[in-house]
Amino acid sequence: MSIETDAIKIQNLSFHWRMGDAAVLDLPELHIKRGERVFIKGASGSGKSTLLSLIGGVLLPQSGTVSVLDQRLNELSSAKRDSFRAEHIGFIFQMFNLIPYLPVIDNVLLPCRFSQRRKHNIEKRGFTLKDEAVRLLEHLDLSTEMLQRSVTELSVGQQQRVAAARALIGGPELVIADEPTSALDADRRSGFLQLLLKECFEQDTTLVFVSHDSALEPQFDRGIQLADINRAIN
Amino acid sequence: MHILTLAIKSMLNRKFTIALTIFSIALSIMLLLGVERLRNDARESFANTISGTDLIVGARSGPVQLLLYSVFRIGNPTNNISWKSYEEIKDQRLVAWTVPLSLGDSHHGFRVLGTNLDYFRHYHYGGGLALEFAKGAPFADVYDAVIGADVAKELNYNLGQEVVLAHGTGEVSFVRHDDKPFRIVGILSKTGTPVDRTVHVSLEGIEAIHTGWENGAPRPGAHIDAEQARQINLQPKTITAALVGLKSRLAAFRVQRFINEYPKEPLLAALPGVALQELWDTMAIAQQVLLAISVLVVLVGISGMMTAMLTSLNERRREMAVLRSVGARPWHIFILFVGEAGAVMSIASAVGVAALYVTQLIARPIIQTQLGLFLPIHSPSTHEFMLIAAAVGAGLLVGLIPAYRAYRYSLSDGMTIRL
Ligand SMILES: Nc1ncnc2c1ncn2[C@@H]1O[C@H](COP(=O)(O)OP(=O)(O)OP(=O)(O)O)[C@@H](O)[C@H]1O
Ligand SMILES: [Mg+2]
């Protein structure tokens, strides 16, 4: 197994929230390859979101290592981890993904405020930031007249698509989605997922998608049941 | 930088609550600056009202009272002093000049001062400035009047116009000396002292309008008309007070003792500087209390801001999680909040200062008439800037509390969105 092909590599990870608490996560091993689209499922409270925070470098494990794109996160200072996250990872959450006081366009471009790299990725290809935002929104089936709209005027489904555009802008290598479809009804859910998967495929983005809705699993390269790899008992 | 634009956009999103917060802090800052301004300017205005006079002489009362009625034209004298005593003081070897003052009448709420030409020569204000005539000249005839700048402006008077004096000093007087009108012969330049609000006539004029009067009312059947009055002896028998200038300042205490121990009549000689200080001191406690209250009001305003920020914190935890996910650092979140506190305080200060000027423009004439204080409208002093800086500093300091909580939240929540 060559190092270069791993987007995420977790070894002997153990994490507990508070001193003295039982571990929420105890993962001997987890590999996710670059470009792979992985579905992680698990019961509520099983530690899925916690795992994503560890991958995002917002949390550090008490023992073990998390490497993202060949970078060991625990070797970075917290400042470096924050900028590493901004540069390489896009996030989509279950709901309330958007900053209510920014219009659609500013929400989409938010990562470019914190990451020079993602900004340059766009400019390198000869696009303006706005062009790229428009392109992504169009790919995600959102009309461009929404650009200056307040995000609070959007439907939940539209909001999630704006969030997806934000996660994808500037071509981060990794997109992490934490139950992005659970606020959507069944129709929109598959529609949203298709758009997201297509865009990830085009940009060759690694996607880690968390949900407890197994119906979505077949659309992914691989499904992981968290309980199967987690030795901690929740 | 970009985090501050976020702070501003977030504030614009909460315009209404933020505006209310700004409004209350602005009011409190206006109050604080207003009180400070009143304190400082009142002191200056007081000190500027009279200069060059070594002693003020009047009937025995308190020095502050004497100062108030003779110089500030506030309140009324308890007693007059006799012309004889006045002459005796005037003839003292150490006395360089005297100015007699006779008060008790008014014109449309402006006080009437009976005096002589020495008044225009010796009354100085604002650290040695003499009175100047904008138009006309000092009174020469019994029925001549010289008016202060504000009298002319507010009543729209000009030279040659006739005015009727009223008996007593109330705003509305029922007994008018309308049988003996005065003619305006001079208008003084603005001084920023009570002189601006005074109608000056000669002592003889005062005497003339009161001939045939007894106990403050005309004696029935004893009417003497204006021309007849000229013929009788218009030498006053009493005056209200006198300003005294000495040949040497060093003699002040000796002359003061002489007057205070004057055997024929209970008199009081007050040193203007000392009386001013005493007047100031009587107000010191009230000033301190006012200042303390206004500082407290600012603190109340600031804690209102903190409450609003802490309340918004809960719903903003989501926003913070999103910002963290796109790479914002915990200190970005910290700045977001401190920046808001700073912006609120700065805007509130600016609004407060603006409101202060507006209030000052409106309140100035009222303060002048009611308190005899002449408050100049000037640009903010260094002292005032320091007060504003202190308020902004206090606001930032208080803003650290919600900022620190937000910082803690963003560390503990990470990217988890809490509802
Ligand atoms: N900030 C936190 N502080 C302390 N404990 C936490 C925190 N966040 C989560 N936990 C705990 O960690 C465990 C795992 O939570 P996590 O949010 O990762 O679950 P999850 O699998 O994402 O659940 P769900 O499907 O409901 O989102 C839970 O027991 C939860 O109580
Ligand atoms: Mg979760």
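Residues numbered from 1 in each chain as written. Chains lettered and ligands numbered in written order. Predicted model: local features only at pLDDT ≥ 70, side-chain atom pairs only at ≥ 80, totals over all residues. Heavy atoms only, no water.

## Digging into the sheet that holds strand 5 (residues 71-72) of chain A
All names here are of chain A. The strand order across the open sheet built from 4 strands is 2-1-4-5, with neighbouring strands paired in antiparallel fashion. Two strands in the sheet have a free side with no partner beyond their single neighbour: strand 2 (25-33) and strand 5. As paired strands, strand 4 (residues 63-68) and strand 5 are joined by 2 bridges and run antiparallel to one another. If you follow Ser 67 over to strand 5, its bridge partner there is Arg 72. (Pairing = 2+ DSSP bridges. Helix = DSSP H or I, 4+ residues; strand = E, 2+ residues; numbered from the N terminus.)

## Examining a nonpolar patch on the surface
Residues and elements named next belong to chain B. A cluster of nonpolar side chains, contributed by Leu 31, Ile 285, Val 289, Ile 293 and Val 297, occupies part of the molecular surface with about 410 Å² of accessible area. Among the secondary structure elements, Ile 293 is positioned in helix 10 (residues 272-325). Judged by its relative accessible area of 45%, Ile 293 is partly exposed. (Patch = residues over 30% accessible without salt bridge, like charges linked within 9 Å, V, L, I, M, F, W, Y side chains within 5 Å. Areas by Shrake-Rupley, 256 points an atom, 1.4 Å probe, with all protein chains shown as cover. Salt bridge = Lys/Arg side-chain N within 4 Å of Asp/Glu carboxyl O. Buried < 20%, exposed > 50% of the residue type's maximum accessible area, 1.4 Å probe, protein only.)

## With respect to the environment of Tyr 357 of chain B
Residues and elements named next belong to chain B. For Tyr 357, the location among the structural elements is in helix 11 (residues 330-371). Expressed as a C-alpha distance, the spacing of Tyr 357 and Ser 379, which sit 22 residues apart in the sequence, is 9.3 Å. Discounting residues that sit within four places of it in the chain, Tyr 357 has contacts with Arg 37, Ile 377, His 378, Ser 379 and Pro 380. (Contact = heavy atoms within 4.5 Å.)

## Quick look at the pattern of salt bridges
All names here are of chain B. Under the criterion given, the structure shown has 31 salt bridges over all chains. Here Glu 88 ties to Lys 264 by a salt bridge, and the two come within 3.0 Å at their closest N and O atoms. Placement of Glu 88 in helix 4 (residues 83-90) and of Lys 264 in the loop between helix 9 (252-260) and strand 17 (267-270) is noted, with a sequence separation of 176 residues between them. Among the residues examined, Glu 88 registers a relative accessible area of 29% and is labelled partly exposed. Across the pair Asp 179 and Lys 180 runs a salt bridge, and its minimum N-O distance is 2.8 Å. The exposure class assigned to Asp 179 is partly exposed, which follows from its relative accessible area of 30%.

## Thoughts on the interface of chain A and chain B
Contacts between the two partners involve 25 residues from chain A, matched on the other side by 24 residues from chain B. When chain A packs against chain B, close to 2,300 Å² is buried across both sides, 65% of that on carbon and sulfur atoms. Inspection of the region where chain A meets chain B yields 3 salt bridges. Residue Asp 106 of chain A pairs with Lys 9 of chain B through a salt bridge whose shortest N-O separation is 3.0 Å. In this assembly, chain A and chain B are joined by 7 residue pairs in polar contact (both at pLDDT 80 or more). (Buried area = accessible area lost by both parts, 1.4 Å probe. Polar contact = N/O pair within 3.5 Å; in protein donor to acceptor, adjacent residues only side chain to side chain.)

## Topic: the environment of Met 309 of chain B
Here Met 309 of chain B is to be found in helix 10. Apart from residues lying up to four places away in sequence, Met 309 of chain B is in contact with Phe 337, Glu 340, Ala 341 and Pro 402 of chain B.

## Side note on the site of ligand 1
Taken together, 14 residues lie near ligand 1, and Ser 44, Gly 45, Lys 48, Ser 49 and Thr 50 of chain A sit nearest. One finds residues of chains A and B in close proximity to ligand 1. Separating an oxygen atom of ligand 1 from a side-chain N or O atom of Glu 179 of chain A is a distance of 3.1 Å. Isolated, ligand 1 exposes 630 Å² of accessible area, and the fraction of that covered by the protein chains is 69%. It is helix 1 (residues 48-55) of chain A that contributes the most residues to the shell around ligand 1, 3 residues altogether. Partitioning the shell around ligand 1 into residue classes produces 3 nonpolar, 7 polar and 4 charged. (Near = heavy atom within 4 Å. Nonpolar A, V, L, I, M, F, W, Y, C, P; charged D, E, K, R; others polar.)

## A short note on the domain arrangement of chain B
Residues and elements named next belong to chain B. Under the domain assignment, chain B is made up of domain 1 (2-46 + 284-415) and domain 2 (55-270). At the junction of the two partners, domain 1 supplies 6 residues and domain 2 supplies 9 residues. Counting the surface lost from both domain 1 and domain 2, the interface buries some 600 Å², and carbon and sulfur atoms represent 63% of this. If you look at where domain 1 meets domain 2, you find 0 residue pairs in polar contact (both at pLDDT 80 or more). Ranked by residue count, the leading element in the side of domain 1 that touches domain 2 is helix 11, at 3 residues. Classifying every residue of the side of domain 1 that touches domain 2 gives 3 nonpolar, 3 polar and no charged. (Domains from an automatic or database assignment.)

## Examining helix 4 of chain B
Trp 83, Ser 85, Tyr 86 and Ile 89 of chain B are the residues of helix 4 of chain B that are buried. Each buried residue of helix 4 of chain B sits inside an arc of 160° when the element is viewed along its axis, so together they form one side. (Arc of directions from axis to C-beta.)

## Observations concerning empty space enclosed by the protein
Enumeration according to the criterion identifies 1 cavity of 30 Å³ or more in this entry. When its volume is computed, the largest cavity comes out at roughly 40 Å³. For the largest cavity, the full set of lining residues is Ile 89, Gly 90, Phe 91, Pro 111, Arg 118, Arg 166 and Ala 167 of chain A together with Ser 325 and Val 326 of chain B. Put simply, the parts of the chain that give the lining of the largest cavity at least two residues each are strand 6 (89-92) and helix 6 (156-168) of chain A. Taken together, the residues of the lining of the largest cavity break down into 5 nonpolar, 2 polar and 2 charged. (1 Å grid on protein atoms, 1.4 Å probe; cavity = no way out; pocket = protein on both sides within 12 Å on 5 of 7 lines; lining within 4 Å. Points joined across faces, edges and corners; volume = space filled by probe spheres on them.)

## Side note on the sheet that holds strand 3 (residues 37-41) of chain A
Residue and element names in this part refer to chain A. Pairing is parallel across the open sheet formed by 5 strands, whose spatial order is 6-7-8-3-9. The sheet terminates laterally at strand 6 and strand 9 (222-225), the two strands that pair on one side only. Sheet twist, expressed as the average angle between the axes of neighbouring strands with direction ignored, equals 15°. Bridge count between strand 3 and strand 9: 4 bridges; the pairing is parallel. Looking at the pairing, Val 38 lines up with Arg 222 of strand 9. Against the sheet, helix 1 makes contact with strand 3, strand 6, strand 7 (174-178) and strand 8 (206-210), and its axis sits at roughly 155° relative to strand 7, the strand it touches most. (Axes fitted to C-alpha atoms, helices over the stretch in contact; angles between N-to-C directions.)

## Section: the pairing of strand 6 of chain A
Residues and elements named next belong to chain A. Side chains Ile 89 and Phe 91 project from strand 6 onto one buried face, and the interleaved Gly 90 and Ile 92 project onto a second face that is buried too. Pairing between strand 6 and strand 7: 4 bridges, direction parallel. Across the sheet, Ile 89 pairs through a bridge with Leu 174, a residue of strand 7.

## What about the nonpolar core?
In this structure, Leu 110 of chain A together with Leu 6, Met 305, Leu 323, Phe 337 and Met 345 of chain B are the most contacted members of the largest nonpolar core, which totals 48 residues. Elements with a contribution of two residues or more to this core: helix 3 (104-114) of chain A together with helix 1 (2-13), helix 2 (15-49), helix 10, helix 11 and helix 12 (382-413) of chain B. With 11 residues, the top contributor of residues to this core is helix 11 of chain B. If we ignore the near neighbours within four places in the chain, the residues touching Leu 323 of chain B are Ile 99, Leu 110 and Phe 114 of chain A together with Leu 6, Ala 328, Ile 333 and Leu 336 of chain B. Core analysis: the next-biggest nonpolar cluster, separate from the first, contains 39 residues, Ile 92, Val 104, Ile 105 and Leu 184 of chain A among them. (Core = buried A, V, L, I, M, F, W, Y, C linked by side-chain atoms within 4.5 Å.)

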